[in-house]
Amino acid sequence: FELATVRLDSASRATYDASCELWRDMRRIFDLSIDEGHVGKSQRSEFWASQQRFFKGLVVAAKVTAAVRFTTEALARGEAVVLSLWTTNESVTAKASKEDLDEGGSTRFA
């Protein structure tokens, strides 16, 4: 068993930074929509859940190149390979859920 930490390369970092800016802008629009009554506060948890799923997928995708490299190297050494690309966001999701409930919303994600 080997656990590998993979750092983002410059292209992945640029994508991540641009994604942060996009989600920041979407949050501003979402907050305005709540303020103007177009969207209910209870939908805030869905927004946060979507953001978490997006970034989880983005970070996992950034690991694929390194995973392919590790796999190729291991196979060249005659080793068997089993991959698991993962990240967790349970603590962030639980916090967002609690904050939404504290504001009187209803949480519809796990």
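Model, not experiment: these values are computed from the prediction.

Details of the layout of surface pockets
Empty pockets left among the atoms are what a rolling probe the size of a water molecule brings to light.
Here is step 1 of the chain: Of the pockets and cavities examined, the largest pocket occupies roughly 730 Å³.
Here is step 2 of the chain: Lining the largest pocket are 22 residues, and of these Glu2, Leu3, Ala4, Phe70 and Leu83 sit closest to its centre.
Here is step 3 of the chain: Of the residues assigned to the lining of the largest pocket, the class counts are 14 nonpolar, three polar and five charged.

What about helix 2 (residues 44-62)?
Here is step 1 of the chain: An ideal rise of 1.5 Å per residue puts 27 Å on 19 residues; helix 2 measures up with 27 Å between its terminal C-alpha atoms.
Here is step 2 of the chain: All buried positions along helix 2 are accounted for by Arg44, Ser45, Phe47, Ala49, Gln51, Gln52, Phe55, Leu58, Val60 and Ala62.

A few points about the pattern of salt bridges
Here is step 1 of the chain: Going through the model one piece at a time under the given rule, you end up with five salt bridges.
Here is step 2 of the chain: Between aspartate 25 and arginine 24 there is a salt bridge, with its nearest N and O atoms 3.2 Å apart.
Here is step 3 of the chain: Look at aspartate 25 and you get partly exposed, because its relative accessible area is 34%.
Here is step 4 of the chain: Overall, arginine 24 belongs to the partly exposed group, its relative accessible area being 40%.
Here is step 5 of the chain: Arginine 77 is the salt-bridge partner of glutamate 79, the closest N and O atoms lying 3.1 Å from each other.
Here is step 6 of the chain: Its relative accessible area of 38% is what places glutamate 79 among the partly exposed residues.
Here is step 7 of the chain: Note on arginine 77: relative accessible area 51%, which makes it exposed.

About the criteria used
Residues numbered from 1 in each chain as written. Predicted model: local features only at pLDDT ≥ 70, side-chain atom pairs only at ≥ 80, totals over all residues. Heavy atoms only, no water. 1 Å grid on protein atoms, 1.4 Å probe; cavity = no way out; pocket = protein on both sides within 12 Å on 5 of 7 lines; lining within 4 Å. Points joined across faces, edges and corners; volume = space filled by probe spheres on them. Nonpolar A, V, L, I, M, F, W, Y, C, P; charged D, E, K, R; others polar. Helix = DSSP H or I, 4+ residues; strand = E, 2+ residues; numbered from the N terminus. Expected span 1.5 Å × (residues − 1). Buried < 20%, exposed > 50% of the residue type's maximum accessible area, 1.4 Å probe, protein only. Salt bridge = Lys/Arg side-chain N within 4 Å of Asp/Glu carboxyl O.

Limitation: the analysis is restricted to geometry and does not speak to function.
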